[in-house]
Amino acid sequence: MFEETDDLCGDSVDPRDYGVDFLDKEVGNDWKSAEKVVELLEKLREENIALEEQVLTVSISGPPKVSAALSAADEARCSLEELLQREQLISGMLHQHLQGAELWMEDLGQTCSQVDSVERHMKYLQCLHHIEELSAEVQQCLMISSVWDAIRAVDSMAALDSGLNQSGCSHLQDFLRETLCFWHNIIKDRLSSDFEKILTQLHWPIISPSSQPLTPTSASQDVDSQLEVAVTQLLALQTSDDLLSQRTSASPQSPPSNQSASSSSSSSLCLPIQIMMLPLSRRFRFHFHGNRQTNSLNKPEWYLTQVLIWMGSNSTFMDEKIQPALEAAGSTISARVELCRGLVALVQEKVANDAVRLLYDDVLFCHLVEEVLQFEKELRSNHSYPPALPSLLHIMVEDAVLEKWLAVEKKMAVEKMDAMLSSEGAWSCQYKDISDMDELKAPDCAETFMTLLQVITERYRGLPCPAAQLRFLRLQTELVDDFRIRLTQVMKVESRCPLGVRYCAILSAVNYISTILRDWGDDVFFLQLQQAAVSLGEEVVLGGLGMMEVGRLASLEGSLFDGLLALLDRLKGDMLGRLLEFLMKEIAEKAKPYCQERWLSLPSQQDQSTMSLSSSACPMMLCVRDRLLNLHQVLSLPLFQLAWQGLAERLDNFLYQDVILSNHFSDGGAAQLQFDMSRNLFPLFGHYCKRPENFFKQLIFRQTLLETWWRSTLGARCWPSSGTVVTPCMTLVVQKSSHRDRLLSVRCRTESLRKSFIPAAIRLHN
């Protein structure tokens, strides 16, 4: 019953229909049976009572749960209100406590500030007292001649000064530095005086190679021991000396420009070498500064040579006397290198002053550059001066000096180019009589120009700055392009006679320059410059190169000379083309009788041993022979290879077009043509290669095909009789050639046969 009700509700059935269905099911067709009605009523009453009990149970059991939840919510609300009241009470108490403690905090903060101030004053006074103690200790040690204790006290002052470097107590710092400087100078002066006395006994300085020290005496051991002690004490004073030197160079009163650079360079020397440099420095300034005659702007070699002499004269003394003393003191300094550094510092100051004064005199500036480069070369090679240390080239890469150097290099190079191109022997080879030296047959102007570029490379090779080297490289590329333009202008004038000596010399010059540039592209020095240009992103050299070109440079697939090489190769190709066109015009003129030969009327000859060169071919053959010999004499081997191969290709095409395709041949005429080619023309090129026929592909290929046709005809017993005319109208009845996998057309029309095959009588002569 309940399930049916659920079905009714779920299916939304009409109640009247449901009632009818229910009565039909329960009562059936017996409408008059009262027993079924009574049973039905009882059943419905029981179900009604069960439903009422269920509804009553649900209505009674629901309210206790809801009331329990409501009561729990009330309890939570009450506890929350209680907590809020406690929070307000505690907050009020805390606020009252803070108000009471605020006065205490103010008093305590003032007290702490006073304590901090007193503590800082105590530390200040302690530091001041420590300085005074160290000063008194130094004074006492000097009074009793305890130099080592005095040096240790000065070192303690130097360490204290380094510790106060970040302090804001400027007056304390000044006092400490003044005290340190005072005692340092006193100790340094005393040690310097003792050291100078020892050096005097050892006859320092050695001014010239002739003034060598005297023979060692019995007291030399005492002097050496005194020297060792003096050097050791001076090295112990090095820390404070370096510190004071740094303070002096960083102060605003330090000397500007070149003098500060020179002083900072010399101050970095160890103290013994600084003291040893004093007499040399005085001599240098006496002779090469002021109004002395030796101080001449046009004679920089005087002071540069004098410095090199001092280096060479004193090297033995430094190795035998000073170096053992340095090693005994535990120092790793090289005495000879330190002396060179001190002398180079003197020359740096002098060169820097002279270079600025010579910026407007090209001749004297060039002389100064040459002398500086020569000095640098001797310094590095003869005196083992390390490349990492500063030298005169650091002065030459300064902006103003470098700009002047580049301008002078360009000006001198352009003048030399004008002179070399206008000289009488500009287009003759200076090594023409020496076969081993004349492989590239470069004219004198090209040799001189590349020598000029090589000299410029040697000048800037040792520069310490890659950016400066790249600027010189840019100058070289500009000079090469300028020289190429000049060669192009001369070539256009000489192009009316491409076989002339000057035209061929220009072609050899272009080939020579491109060959040298390709060799430079593989040189380690230029590869390093290439990597430097990519890493620095140097616009002066890279110019407008795209990302692909820069990537090729970075991966070393290209070179910095690729642009120039492309222009030179284009010029070389154009000149070779003009030369070969001129040759072919001359050969074609000589070959006109040969092209008009009556090939059809020539009789057949069975024996080639009795054949001779066609009389009409003699002028052409003589012209080819003479021109090949001429080119072989005036052109280098690589250029001549290109020239004769290009001539062979053009000659092959000319003979095929103007002789073979333009004439009809009898078998005798075909044999004569084959004889002229194989026995006369090919041997002319055989002097320069083993198989010259490989360069006449059109002739050889057609001859091979015709031989195949004759063989097939002979096999078919269709050999033409003597005097048979071979014309392009003949059809091939051939299925295969003697060459593997190559088929010939069975039927060839007249025009295609005429253009594809030469007469059958032409055979290869191997």
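Residues numbered from 1 in each chain as written. Predicted model: local features only at pLDDT ≥ 70, side-chain atom pairs only at ≥ 80, totals over all residues. Heavy atoms only, no water.

A. Up close: helix H10 (residues 300–328). Compared with the 42 Å implied by 1.5 Å per residue over 29 residues, the 39 Å span of H10 between its first and last C-alpha is a close match. The largest bend in H10 amounts to roughly 50 degrees and is located at methionine 318. (Helix = DSSP H or I, 4+ residues; strand = E, 2+ residues; numbered from the N terminus. Expected span 1.5 Å × (residues − 1). Bend = angle between axes of the 7 residues up to and from the residue.)

B. A look at the packing of helix H9 (residues 271–288) against helix H11 (residues 335–357). Packing of H9 against H11 leaves a shortest axis separation of 10 Å and a crossing angle of 30 degrees. On the basis of their axis angle, the class for H9 and H11 is roughly parallel. H9 and H11 meet at a crossing whose hand is right-handed. Every residue of H11 that contacts H9 at Ile273, Met277, Leu280, Ser281, Phe284, Arg285 and Phe288 is listed here: Ala335, Glu338, Leu339, Gly342, Leu343, Leu346, Val347, Glu349 and Lys350. (Axes fitted to C-alpha atoms, helices over the stretch in contact; angles between N-to-C directions. Parallel < 35°, antiparallel > 145°, perpendicular 65-115°, else oblique. Left-handed = near helix turned anticlockwise from the far one by under 90°. Contact = heavy atoms within 4.5 Å.)

C. Quick peek at the packing of helix H4 (residues 147–163) against helix H5 (residues 170–201). Between H4 and H5, the least distance of the axes is 10 Å, while the angle of their chain directions is 150 degrees. When the axis of H4 is compared with that of H5, the two are roughly antiparallel. By crossing handedness, the relation of H4 to H5 is classed as left-handed. Across the interface between the two elements, Val147, Ala150, Ile151, Val154, Met157, Ala158, Leu160 and Asp161 of H4 pack against Gln173, Leu176, Arg177, Thr179, Leu180, Trp183, His184, Ile187 and Leu191 of H5. Class assignment for the residues of the contact of H4 with H5 results in twelve nonpolar, three polar and two charged. (Nonpolar A, V, L, I, M, F, W, Y, C, P; charged D, E, K, R; others polar.)

D. Highlighting the pattern of salt bridges. In this structure the tally under the stated criterion is 31 salt bridges. Between aspartate 362 and lysine 411 there is a salt bridge; the shortest N-O distance is 2.9 Å. On the criterion of sequence distance, the pair formed by aspartate 362 in helix H12 (residues 362–382) and lysine 411 in helix H14 (residues 399–422) is long-range, its members being 49 residues apart. On the accessibility criterion, lysine 411 (39% relative accessible area) is partly exposed. In this structure, a network of salt bridges that share partners links the residues Asp362, Lys404 and Lys411. (Salt bridge = Lys/Arg side-chain N within 4 Å of Asp/Glu carboxyl O. Buried < 20%, exposed > 50% of the residue type's maximum accessible area, 1.4 Å probe, protein only.)

E. Seen up close, the nonpolar core. In this structure, Phe449, Leu651, Leu681 and Phe685 are the most contacted members of the largest nonpolar core, which totals 182 residues. Look past the residues within four positions of leucine 651 in its chain and what remains in contact with it is Met584, Ile587, Val624, Leu681, Phe685 and Phe696. (Core = buried A, V, L, I, M, F, W, Y, C linked by side-chain atoms within 4.5 Å.)

F. View of the side chain of serine 616. Here serine 616 is to be found in the loop between helix H22 (592–595) and helix H23 (618–634). The buried category is assigned to serine 616, whose relative accessible area is 10%. At 2.7 Å, the side chain of serine 616 and the side chain of glutamate 597 are in polar contact. Non-local contacts of serine 616, meaning those with residues more than four positions away in its chain, are made with Lys590, Pro593, Tyr594 and Glu597. (Polar contact = N/O pair within 3.5 Å; in protein donor to acceptor, adjacent residues only side chain to side chain.)

From the geometry alone we can't say anything about function, so treat these as descriptive.
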